[in-house]
Amino acid sequence: MDRNVTSINFSNNFRAVAAADVLLASQFSMIGAVCLKEIDLTRNRIISIQSGGINLMKHKNCLEKLILKENSIWGDLVIVLELVQLVNLHWLDISNQATIHIKTKVKTNITFVHRQDIPNTKYSSDRSTYAIQLPRNLQYIDASRIGVRSTGLINLNFTNAGKVDFFSLAGNKFIDCLGHFHGLSHLQTLDISDFNCSELDLKMISFMPYLKTLISRRTHLNVGLQNDVNGEFLKQSLEVKHIDISDNGFFTFNQNMFVSQYRSLISLDLSKNKFSKFPIQISKFSTLMKLSLVQNRIAFLQKSDMNQLENYQRDNNIEFELLLNDNHFVCNCDSIDFLRWLQETKVALDKNRNYSCVYIDNSQKTTVYAFKHLEFIESKCLSKIWLTITIILVVLFLFIFTASSLAYKYRITLHFWYLHIRRKYRHYTALEGDSKEYKYNAFVAFCNEDEEWVCGSLVNYLEKKNGLALCLHDRDFAAGKLIMDNIIEAIFESKKVVLVISEEFLKSSWCEFELDMARMKMFQDNRDMLVVVLLDKLSTSRMPISLQRIWNKVTCLEVDETICTNQNDNFEHLFWKRLYEAVVM
């Protein structure tokens, strides 16, 4: 009694039979009868500490370190209040509290606080703020894995916490991170690993201005930070030197995520994520000395990344360390520069620069082995390059040949649509009114040798006698315009196209062009618009192929000798009546 004792270790003194203990007030008072600095009560199956025990401690001011880890304490609000009396307590470890099945009934006056009873509202501003008063000299709190689960993070306001510099809540299964911490104004290390931060209050750690180390493993930050484009989560943490956000499922980062740490960060742990490329712009930093990319999905570093690393180390005069072990490296044509860089760079690398990789023949080798056989890889790559070039040229040739064949086969169709589109967007102004009204009743396509009959008998009958409007190339084509543009214009502005076919017509390339364009227009409008007038006796086999294909779909009229030699404008012949009906119908 009343003697000074530095440390008492009561760990592993649980009962031999399966049961649970309550640390009684009287037992605590016995401990307090000694001026004890440290007591270790690890693994003792303690389920609670009876209230009033701290009040009974005679030398409570002596206790500096209290270790209660690996028990099953579910909490007693009165005890939390009594801890304030341990004014010189520096270290409190209540980590790893396991839930046990209690077979015997223990009667106590302790109130248990179940985590499921904590309100779980959506936003931190809507949640209650819980005030927790701490011993005024407390510096270290380890509350990791104390059994919190199935509840959201509440707002915690710590008082008397001005000296707390370490706080761990790791391993507690909070289902969201929509609460935040207040009062930890001098906290330097925070561990929130295993929280589910897929729902995240971006102000969660904003009230820790002197935070130096942030540990946030397995917290689903890849989801919680996906919309944090301005880097709000770490914006107030201007003095953070060490960040561990490993195993968070990141594929990539927002560019502004670490913008507030460019001049403070010393180490960054991005291991066990899903990066396939170098994830940060290291040139933005000025103090970073260690970067871990262990267990990601990187196949090789790009040349720009390697140059950036070299320039960073040289410009900042920093001994930079890069950890790359256990990535999906390849040792093939794409990674030749990377393989050479691994062995020649002055950047410090892990595993003696010798990483497992998939070799060019798909076997498993190492980067050192691949470096020693770079000439072999380069020779293989050269042959692959020529093979690739050959394949590309063959495919390109086949494509050009096929496209040319199709273009030749459908040249008339393509020519028609080219002229149609050019007319529509360059040389054509839509007529007002009904879009089905035409400027001409018919466009007459004929060769120069048949001009006397066309401009004589045919024009006299259709225009002068019956008042129809015909389009004739020598009379109505616009001067200064391309012939093909005049032809397509005449066809589009005419209700019908009259083809006056003779032996000479078949010899004219322009007449054939008029026939092709008229045929395409007929297909486009899906209507009977062609009228064929045969001046000479011609068999179907002698007609152009384009006309043969539509022969059964056009109106055909044959001209006999009396009509050809008509000098007195005698239009009593049945031919003229049929021609008129074919044009106006």
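This is a predicted model, so every value here is computed, not measured.

About the thresholds
- Residues numbered from 1 in each chain as written.
- Predicted model: local features only at pLDDT ≥ 70, side-chain atom pairs only at ≥ 80, totals over all residues.
- Heavy atoms only, no water.
- pLDDT = per-residue confidence, 0-100.
- Contact = heavy atoms within 4.5 Å.
- Phe/Tyr/Trp six-rings, centres within 6.5 Å; stacked < 30°, edge-to-face > 60°.
- Buried < 20%, exposed > 50% of the residue type's maximum accessible area, 1.4 Å probe, protein only.
- Helix = DSSP H or I, 4+ residues; strand = E, 2+ residues; numbered from the N terminus.
- Lys NZ or Arg CZ within 6 Å of the ring centre and 35° of its normal.
- Pairing = 2+ DSSP bridges.
- Core = buried A, V, L, I, M, F, W, Y, C linked by side-chain atoms within 4.5 Å.
- Disulfide = S-S within 2.5 Å.

1. Re the confidence of the model for the protein
- Of all residues in the protein, 88% attain a pLDDT of 70 or more, and the chain-wide mean is 85.
- Counted against residues more than four places away or in other chains, residues 100-123, with its pLDDT under 50, gives 44 contacts.
- The low-confidence segment residues 427-435 (pLDDT under 50) makes three contacts with residues lying over four places distant or belonging to another chain.

2. Details of the packing of aromatic side chains
- In this structure the tally under the stated criterion is 24 aromatic pairs.
- Where Tyr312 meets Phe320, the ring centres are 5.6 Å apart and the plane angle is 80 degrees; that geometry is what we call edge-to-face.
- Note on Phe320: relative accessible area 1%, which makes it buried.
- Measuring from ring centre to ring centre gives 6.3 Å for Phe397 and Phe401, while their planes differ by 20 degrees; the resulting arrangement is stacked. Pair noted here: Phe397 and Phe401 are both in helix 7 (residues 374-409), with a separation of four residues, about one helical turn.
- A relative accessible area of 53% places Phe401 in the exposed class.
- Every member of this aromatic cluster is reached through a ring pair, and the members are Phe250, Phe253, Phe258, Tyr262, Phe275 and Phe285.
- Sitting over the face of the ring of Trp91, Lys65 holds its NZ or CZ atom 4.2 Å from the ring centroid.

3. Overview of the sheet that holds strand 13 (residues 181-182)
- Strand order in this open sheet of three strands is 7-10-13, and the pairing throughout is parallel. Looking at strand neighbours, the two that pair on one side only are strand 7 (129-133) and strand 13, the edges of this open sheet.
- Where strand 10 (residues 155-159) meets strand 13, two bridges bridge the pair, whose relative direction is parallel. Its bridge partner being in strand 13, Asn157 is matched across the sheet by His182.

4. Re the nonpolar core
- Ranked by internal contacts, the top residues of the largest apolar core, which has 99 residues, are Phe181, Met204, Phe258, Ile280, Phe320 and Leu322.
- A total of five residues in this core trace back to one element, the largest contributor, which is helix 5 (residues 336-344).
- Dropping the residues within four chain positions of it, Ile280 is found in contact with Phe253, Phe258, Leu268, Leu270, Phe285, Leu288, Leu291 and Gln308.
- Phe505, Phe513, Leu530 and Val554 belong to the second largest nonpolar core, which has 30 residues in total.

5. A closer look at the state of the cysteines
- Taken as a whole, this structure holds four disulfides when the rule is applied.
- Through a disulfide, Cys177 is tied to Cys197; the S-S separation comes to 1.9 Å. In this structure, the disulfide formed by Cys177 and Cys197 twists by about -65 degrees around the S-S bond and is classed as left-handed. With a gap of 20 residues between them, Cys177 in the loop between strand 12 (173-174) and strand 13 and Cys197 in the loop between strand 14 (189-191) and strand 15 (213-215) connect regions that are remote in the sequence.
- Since its relative accessible area comes to 0%, Cys177 is described here as buried.
- With its sulfur 2.0 Å from that of its partner, Cys331 forms a disulfide with Cys357. On the sign convention where negative is left-handed, the bridge of Cys331 and Cys357, at about -110 degrees about the S-S bond, is left-handed. Taken as a pair, Cys331 in strand 20 (residues 330-331) and Cys357 in strand 22 (residues 356-359) lie far apart in primary sequence, 26 residues in all.

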